[in-house]
Amino acid sequence: MSVKTLTIDGKMMTGVEGDTVFTVAFHNQVQIPRLCHLGGVPDVGACRMCLVEVEGRSKLSASCMTTIEEGMVVRTDTEQLREYRKLLMELLLAEGNHVCSVCVSNGNCELQDLATHLGVDHVRVPYRHPRREVDLSHERFGLDQNRCIACTRCVRTCDEVEGAHVWDMAGRGEKLHLVADLGEPWGNSENCTKCGKCVQVCPTGALFTKGSAVGEMEKDRSFLKYIVYGRERHQWVKKP
Amino acid sequence: MGTTAPTVKDNRVKLLERAMSRQGYASHALIEVLHTAQELFGYLSVDLLKDVAKKLKLPPSRVLGVATFYNFFSLKPKAEHTALVCTGTACYVAGAKDLLEASEHRCKRALAKGETPKLTVQQARCIGSCGLAPAVVLDGGILPRVTKAELEKKLDDLGV
């Protein structure tokens, strides 16, 4: 394991070989916007929000998928990047049916928070208003495909942390959607352990606890830290 | 296709089993196995996907994800005949829209009569034969530089 030194936003930082730009920046208090990254589960680079400029590369790189290199010069917050992120957010908002005023996650939504942070006050692309399903067959939780941004956090958490791999993405393009097992209603899934981890890691109101009204769905993913790091370090008792 | 005698069916199951065994039931051979299954059965049923998932030791949702990602795989049984209309740029400019409408009209007409359509209409982004535009692949055979009238005649001959 060798240590690498790089510059992020003009500050010298160090990381271990194999670390991603995103992780190194995060540990040095540089917050790169993201929707799909989730500490403790593998990255996929699905949301493209964490795009950064790397000196010497003509293309933008997703910082969660870029491993650090010695002498790298990275910029995470330029005028151009801010504009791209804003457009990405507008595309996400126009692609699904994100109606905050009737959403269970209103006020506690990562998509909403990020849109506010990026200064998205209107959407410049036409809304698509797709027709999407709502699955309320599960006894404890619900799935609203209209609010899904295909970040695959639930897919990865179910696979890596819970080990059940109930979820996956099916179809592609505008037909991309979340499926449980072989496309049956969630409540009929044989693999689902009803643990609710997917619900807690979902950044929007796509996965929610049944019975929550508008703005009532607050998510808590502190369990991830205990499970993932506890497993790595064989530390089964929480620190007092 | 059509009605299948049980003995023929058993043979297909055996052939699929052999395809999986040839790959050593490796989970990374999923696409290859689904290809064989699609060719043998004409479509991928839920039971078939479940069987593949079990034997290749893959989560069922992953198998469904792959099966729905590629256009080649179909989850519904196909009709007796298939028409693949190329809607790539060259074909589109040369009038693929009319060909598509003519083909789809056959299905709608059958449905309106309360019959099961004998034709499955598919679209391809580009079949890579732009010199033959507009092109339709009817039951595996290519119809190059086809006009609407010619296509209608071919479809009439097939009785769809």
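None of the values given here were measured: they were computed from a predicted structure. (Residues numbered from 1 in each chain as written. Chains lettered and ligands numbered in written order. Predicted model: local features only at pLDDT ≥ 70, side-chain atom pairs only at ≥ 80, totals over all residues.)

Caption draft 1: The sheet that holds strand 1 (residues 3-8) of chain A, seen in detail. Residue and element names in this part refer to chain A. With mixed pairing, the five strands of this open sheet are ordered in space as 2-1-5-3-4. In the strand order of this sheet, the two ends are held by strand 2 (11-16) and strand 4 (61-62), each with one partner. Two elements, strand 1 and strand 5 (residues 73-75), share two bridges in a ladder whose sense is parallel. Bridged to isoleucine 8 within strand 5 is valine 74. (Pairing = 2+ DSSP bridges. Helix = DSSP H or I, 4+ residues; strand = E, 2+ residues; numbered from the N terminus.)

Caption draft 2: Spatial organisation of the domain arrangement of chain B. Examined at the domain level, chain B breaks down into domain 1 (6-69) and domain 2 (81-158). Centre-to-centre, using C-alpha coordinates, domain 1 of chain B lies 29 Å away from domain 2 of chain B. (Domains from an automatic or database assignment.)

Caption draft 3: Molecular detail of the environment of A:Met12. Residue and element names in this part refer to chain A. When you line up the elements, methionine 12 lands in strand 2. Overall, methionine 12 belongs to the exposed group, with 9 C-beta atoms counted inside 10 Å. For the pair methionine 12 and methionine 72, spaced 60 residues apart in sequence, the C-alpha separation works out to 9.9 Å. The residues contacting methionine 12, other than those within four sequence positions of it, are Thr5 and Thr7. (Buried ≥ 20, exposed ≤ 12 C-beta atoms within 10 Å, placed from the backbone. Contact = placed C-beta atoms within 7 Å.)

Caption draft 4: Representation of the interface of chain A and chain B within the structure. At the junction of the two partners, chain A supplies 13 residues and chain B supplies 11 residues. Elements with a contribution of two residues or more to the side of chain A that touches chain B: strand 8 (167-170) and strand 9 (177-180) of chain A. With four residues, strand 8 of chain A is the largest single contributor of residues to the side of chain A that touches chain B. Classifying every residue of the side of chain A that touches chain B by side-chain character gives seven nonpolar, three polar and three charged. (Nonpolar A, V, L, I, M, F, W, Y, C, P; charged D, E, K, R; others polar.)

Caption draft 5: Focus on the pairing of strand 1 of chain A. Residue and element names in this part refer to chain A. Of the strand pairs in this sheet, strand 1 and strand 2 are connected by six bridges, and their pairing is antiparallel. Bridging across to strand 2, lysine 4 finds its partner in glycine 15. Between strand 1 and strand 2, which pair antiparallel one after the other, the connecting turn spans two residues, and aspartate 9 there sits at a positive phi close to 50°.

Caption draft 6: Region of interest: the nonpolar core. Counting residues in each nonpolar core, the largest one holds 75 residues, and the members touching the most others are A:Leu207 and B:Leu49. Ignoring anything within four residues of it in the chain, the contact list for B:Leu49 reads A:Leu182, B:Leu44, B:Pro60, B:Val63, B:Leu64 and B:Ala67. In terms of nonpolar packing, the next biggest core, distinct from the first, is built from 19 residues, B:Ala83, B:Ala96, B:Ala133 and B:Val146 among them. (Core = buried A, V, L, I, M, F, W, Y, C linked by C-beta atoms within 7 Å.)

Caption draft 7: Layout of the domain arrangement of chain A. Residues and elements named next belong to chain A. In terms of domains, chain A is made up of domain 1 (3-77) and domain 2 (83-233). Put simply, the middle of domain 1 and the middle of domain 2, counted by C-alpha atoms, are 24 Å apart. Facing the 13 residues of domain 1 at the interface are 22 residues of domain 2. In terms of residue class, the side of domain 1 that touches domain 2 is built from 11 nonpolar, one polar and one charged.

Caption draft 8: Local environment of the pairing of strand 3 (residues 51-54) of chain A. Residue and element names in this part refer to chain A. In the sheet, strand 3 pairs with strand 4 via two bridges, with the strands oriented antiparallel. Within strand 4, the position partnered with valine 52 by the bridge is serine 61. In sequence, strand 3 turns back onto strand 4 through a hairpin of six residues, with glycine 56 there showing a positive phi of about 95°. Two elements, strand 3 and strand 5, share two bridges in a ladder whose sense is antiparallel. Bridge pairing in strand 5 places glutamate 53 opposite arginine 75.

Caption draft 9: Inspection of the packing of helix 2 (residues 79-95) of chain A against helix 3 (residues 110-118) of chain A at higher detail. All names here are of chain A. Look at helix 2 against helix 3: their axes get within 10 Å of each other, and the N-to-C directions meet at 140°. By the criterion of interaxial angle, the relationship of helix 2 to helix 3 is oblique. Crossing of helix 2 over helix 3 shows left-handed handedness. Facing helix 2, whose interface residues are Arg85, Lys86, Met89, Leu92 and Leu93, helix 3 presents Leu111, Leu114, Ala115 and Leu118. Classifying every residue of the contact of helix 2 with helix 3 by side-chain character gives seven nonpolar, no polar and two charged. (Axes fitted to C-alpha atoms, helices over the stretch in contact; angles between N-to-C directions. Parallel < 35°, antiparallel > 145°, perpendicular 65-115°, else oblique. Left-handed = near helix turned anticlockwise from the far one by under 90°.)

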